[in-house]
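Now for the letters of each chain:
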Amino acid sequence: MKITNDIRYVGVNDHQVDLFEGQYVVPNGMAYNSYVILDEKVAVMDTVDRNFTHQWLDNIQNTLGGRKPDYLVIQHMEPDHSANIANFLKVYPEATVVSSAKAFTMMKQFFGDDYADRRVVVGEGDTLSLGKHTLAFVTAPMVHWPEVIVTYDVTDKVLFSADGFGKFGALDVEEDWACEARRYYIGIVGKYGPQVQALLKKAAGLDISIICPLHGPILTENLGYYINLYDIWSSYRVESEGIVVAYTSVYGHTKAAVELLVEKLKAKGCPKVVVHDLARTDMAEAVEDAFRYGKLVLATTTYNADIFPFMKEFIHHLTERNYQNRTIALMENGTWAPLAAKVMRGMFDGCKNLTFTDTTVRILSALNDDSKSQIEALADELCKDYLAQHDDTANKNDLSALFNIGYGLYVVTSNDGQKDNGLIVNTVSQVTNTPNRVAVTINKANYSYHVIKQTGILNVNCLDVSAPFSVFQTYGFQSGRTADKFAGVEELRSDNGLRFLPRYINSFMSLKVESFVDLDTHGMFICSVTEARVMSDKETMTYTYYQNNVKPKPATEGKKGFVCKVCGWVYEGDTLPDDIVCPLCKHGAADFEPIQ
């Protein structure tokens, strides 16, 4: 397979394997990818599983056309990628092995040889010239082994990404990328989200045209789609709206309760309900879905003063992979001493930012009127935001939305007649309650100011504490005049025709401008409330919370100057200009502080 003029694919497809790594069902097999870069010097990128030695060596031989490889680059030491190092070096005894220091230590452990007389040790920032092509090496520790490096071909702009951007399935089978890549990532790499985030930040500085992983297809177009999914997965954010219900049932009573709950969730507007009988499902599929969706219901029986084994295993898989940023509901069944809810909740003690529903369903042997009413209450609680999102079920005059106004952070949405726009603001306040009036102050330099001045309508979305930094990047660090801030965002509109956010908000208000106050650099819009919806009970995102928990810490080490308190941009210099405007968030000198 030709990838570029000088890069060829020499990997293999494995349809013999039934369980990858002894636990993941792979009905469509696996691909073990390897590549050859043809230049003045020839580099082979990684090897393949030991069951395909001769097929792989044949592929290399046929690709080289009589040439000999100069280098074997080993990015990752798992045996499905490194098993044929020794076999390769027997066939090509003049080749040099290129890898990280930790990888050579592992080679000694696996093969009894660290190739000290024929190796090149590389680390962060090192390069290797092949002639026209230059390989730049980037360390990727714990993605998902400590020795991992990834390699960037500067000439062809190709990222050899090791296990990153891989998926289950052989290359000669057509299947959806995201489904099997998600199951692969969550199952194998999911524990190491912070390390993947660190690697994504490094990759953001590279001009990448092609991604060549060690498993799965070569990615040649729409790379932003794949990178965005990896960003979502590795930051433990919600990918899709919906509720996962995972259960175990001994005699069918817990199953009956689950079926009743699922019926009510669907009736109350939940866009997707996914159900897993943990005794029968593919455990990896259930784990994948728990990370994909934002809400999880766990229903099981008390069993030997503990919980049913399949449920225990499932929760262990979640906590092992740093399950976080989700809402969890519990349903327990017991005849004489129900303990399941207490045990399940305790298993999540070490997890971050989990919200447990106020309602816990307790079934005493079988459903009765009391447990049925608890299921109704739980469905209402889980679907509160879905009910509020849809016109036919929303309470559009819930003025308790005004209680969520404080010194918080908001997304103000508007429309210029052709395109939707959104802007981060922190200056929203209620000024009267008879009638209800809200003041919104916006910098005149922002495009949203211009749009609202012309149209006289806007929506204020009250961000809650679940909002990630990416929300602030999208709506605060780029101009709506040139950027489509709602690209890829689910389209939800209020009665005034403007967008409101599908997630990360606890309420929104539709406003109509009644009067205007000119404040020199800013304009204050005094507005009446035409619609108000409460989406959830989550706390409003305050400016202090954003500063302490959401905004990344700026890279100021070794720098002298001033840092923007809003977004972290650093101005290097002895004196801060009075007229400075942050290029990212557009805040002025008042929002800068000296680097300490």
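Refer to the structure presented above.
Within every chain, residues take consecutive numbers counted from 1 along the sequence as written. Given that this is a predicted model, residues contribute local features only at a pLDDT of at least 70 and side-chain atom pairs are listed and counted only at 80 or more, while totals for whole chains, interfaces and linings are drawn from all residues. Working from all heavy atoms in the structure, the side-chain values ignore hydrogens and water.

Break down the sheet that holds strand 13 (residues 149-153) for me, citing the residues and quoting the values.
An order of 11-12-13-14-15 is seen for the five strands of this open sheet, with the pairing classed as mixed. Sheet topology places strand 11 (127-129) and strand 15 (210-212) at the edges, where each strand pairs with a single neighbour. Looking at each pair of strands side by side, their axes are set apart by 20° on average, direction ignored. Any two strands are treated as partners once DSSP identifies two or more bridges connecting them. Numbering goes from the N terminus for both helices and strands, where a helix is a DSSP run of H or I of at least four residues and a strand is a run of E of at least two. Both strand 11 and strand 12 (residues 134-139) contribute to a ladder of three bridges, which runs antiparallel. Across the sheet, the residue bridging to Ser129 is Thr134, located in strand 12. Interaxial angle, 0 to 180 degrees, is taken between N-to-C directions of lines fitted to C-alpha atoms, where a helix line uses only the stretch in contact.

Before we move on, could you go through the pattern of salt bridges and cite the residues and values that matter?
A pairing counts as a salt bridge when a side-chain nitrogen of Lys or Arg comes within 4 Å of a carboxyl oxygen of Asp or Glu. Under the defined criterion, the tally for this structure stands at 30 salt bridges. The closest approach of N and O atoms between Glu175 and Lys167, which form a salt bridge, is 2.6 Å. Owing to a relative accessible area of 25%, Glu175 belongs among the partly exposed residues under this scheme. When a residue's accessible area, from a 1.4 Å probe over protein chains only, is under 20% of the maximum for its type it is buried; when over 50% it is exposed; and in between it is partly exposed. What makes Lys167 buried here is its relative accessible area of 3%. Note that Lys312 is salt-bridged to Asp306, the shortest N-O span being 3.0 Å. Looking at Lys312, the relative accessible area reads 35%, which means it is partly exposed.

Hey, could you go over the packing of aromatic side chains for me, with residue numbers and the actual values?
Each aromatic pair joins two rings of Phe, Tyr and Trp (for Trp, the six-membered one) with centres within 6.5 Å, and gets the label stacked for planes under 30 degrees apart, edge-to-face for over 60, and tilted for any other angle. Under the definition given, this model contains 31 aromatic pairs. With a centroid separation of 6.4 Å and an interplanar angle of 50°, the aromatic rings of Trp569 and Tyr571 are classed as tilted. Taking relative accessible area as the criterion, Trp569 reaches 27% and is therefore assigned partly exposed. Here the aromatic residues Phe165, Trp177, Tyr185, Tyr225, Tyr226, Tyr230 and Trp233 are joined through ring pairs into a cluster of three or more. The cationic tip of Arg345 hangs over the ring face of Phe356; the distance from NZ or CZ to the ring centre is 4.2 Å. Either the NZ atom of lysine or the CZ atom of arginine qualifies as a charge over a ring when it sits within 6 Å of the ring centre and within 35 degrees of the ring normal. The ring of Phe516 has Lys453 lying over it, and the distance from NZ or CZ to the ring centre is 4.4 Å.

With reference to specific residues and values, describe the nonpolar core.
Think of a nonpolar core as a cluster: buried Ala, Val, Leu, Ile, Met, Phe, Trp, Tyr and Cys residues, connected wherever their side-chain atoms sit within 4.5 Å. Counting 93 residues, the largest nonpolar core has Leu298, Phe314, Tyr323 and Phe348 as its most contacted members. For this core, the element with the most residues is helix 5 (residues 177-189), which contributes eight residues. A contact between two residues is defined here by any heavy atoms of the two lying within 4.5 Å. In this structure, Tyr323 is in contact with Ala290, Phe291, Leu296, Leu318, Ile328, Phe348, Cys351, Lys352 and Leu354, ignoring residues within four places of it in sequence. Membership of the second largest hydrophobic core comes to 32 residues, among which are Ala388, Leu501, Tyr543 and Cys585.

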